[in-house]
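Fold and geometry: a report
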Amino acid sequence: MSRRKKWLLALTPVVLLGLAHADRDPESIGNWRRASRAPAGLAPDPAVTREPVVQVYAARAVRWRGYFGVHTWIAAKPSHAAAFTVYEVTGFAVRRGGSAVRISERPADGRWFGSLPVLLADVRGAGVDQLIARIDRAVAAYPYQRSYRIWPGPNSNTFTAFVLRQVPELRVDLSGHAVGKDYLGGQVFARSPSGTGVQANLFGVFGVLGGIEEGLELNVLGATIGIDPNDWGVKLPLVGRLGFGGEVPSPAS
């Protein structure tokens, strides 16, 4: 191996870690217990929004985990509802023998212990109440209710990906640093999380994925490397996505 290639291999992790650090919010690195959970202004006000809405969010994880991945969740508001319902998975209750699935009315776009969320999908209007009913059924059917592992899964991204596969109309492309999204348990083959492709994966540590929304992805030890023609970009560990396409979608019906 030439000296140039050796330097490239040595510097690549450092560059990726630097980009990940630049994407961090200082609050999420320090005392996360005191970090902000305030709304980010990405969700509509239920008091004036009568139509049904489904949104999907991602935010850098807490403390050291935020360098490597994100936490994802789904927020839904049926027609005329006074608040959003947030569906997500955490490990807090599992340690005490409880369920990993959390269903609450916390702010849909609330910061994740200091980390600013990114809006991955915004679907609203006619037919969305039916999607919300299917989301409820998918959440109830999540097979890892009493299990949580940061790596390789099941974790919050495993949960979000599972629900999205049951509601492919949302067409969500989970980012490359949504570690755990490819964890399929004892399965090997499944639809991609967006529902627009297929994937094969062994226990979340090795696999391939191809989809209209996701592009082409290779999963190695839970890290994703891929190309995304839709955004003219690449998917990388720690960083998620580098490219020209934006990650903030316009509300869709």
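Since the model is a prediction, treat every value here as computed from it, not as a measurement. (Residues numbered from 1 in each chain as written. Predicted model: local features only at pLDDT ≥ 70, side-chain atom pairs only at ≥ 80, totals over all residues. Heavy atoms only, no water.)

Moving on to the sheet that holds strand β1 (residues 53-60). The strand order across the open sheet formed by five strands is β4-β3-β2-β1-β5, and the pairing between neighbours is antiparallel. Here the strands that pair on one side only, and so sit at the sheet edges, are β4 (101-104) and β5 (118-124). Each neighbouring strand pair of the sheet contributes to a mean axis angle of 15°, computed without reference to strand direction. As defined by bridge partners, β1 adjoins strand β2 (residues 70-77) across eight bridges and the pair is classed as antiparallel. Residue pairing across strands places Val56 opposite Ile74, the latter belonging to β2. Along the sheet, helix α3 (residues 128-141) makes contact with β1, β2, β3 (85-89), β4 and β5, crossing β1 at roughly 50°. (Pairing = 2+ DSSP bridges. Helix = DSSP H or I, 4+ residues; strand = E, 2+ residues; numbered from the N terminus. Axes fitted to C-alpha atoms, helices over the stretch in contact; angles between N-to-C directions. Contact = heavy atoms within 4.5 Å.)

On to the side chain of Lys77. Here Lys77 shows up in strand β2. Here Lys77 is buried and forms no salt bridge, its nearest opposite-charge partner Asp129 lying at an N-O distance of 7.3 Å. A polar contact is formed between the side chain of Lys77 and the backbone oxygen of Thr49, at a distance of 3.0 Å. (Buried < 20%, exposed > 50% of the residue type's maximum accessible area, 1.4 Å probe, protein only. Lys, Arg positive; Asp, Glu negative; His and termini not counted. Salt bridge = Lys/Arg side-chain N within 4 Å of Asp/Glu carboxyl O. Polar contact = N/O pair within 3.5 Å; in protein donor to acceptor, adjacent residues only side chain to side chain.)

In this section: the pattern of salt bridges. Taken as a whole and assessed by the stated rule, the structure comprises eleven salt bridges. Measuring nitrogen to oxygen at the nearest pair gives 2.7 Å for the salt bridge that ties Arg241 to Asp173. Residue Arg241 is located in strand β12 (residues 240-243), and its partner Asp173 is located in the loop between α4 (156-166) and β6 (189-191); the two are separated by 68 residues in the primary sequence. With a relative accessible area of 12%, Arg241 lands in the buried category. For Lys181, the salt bridge goes to Glu217, with nearest N and O atoms at 2.7 Å. Within this pair, whereas Lys181 is found in the loop between α4 and β6, its partner Glu217 is found in strand β9 (residues 215-220), the two being separated by 36 residues in sequence. Residue Lys181 is classed as buried on the basis of its relative accessible area of 2%. Several salt bridges converge on common partners, so that one network encompasses Asp173, Lys181, Asp182, Glu217, Asp228, Lys235 and Arg241.

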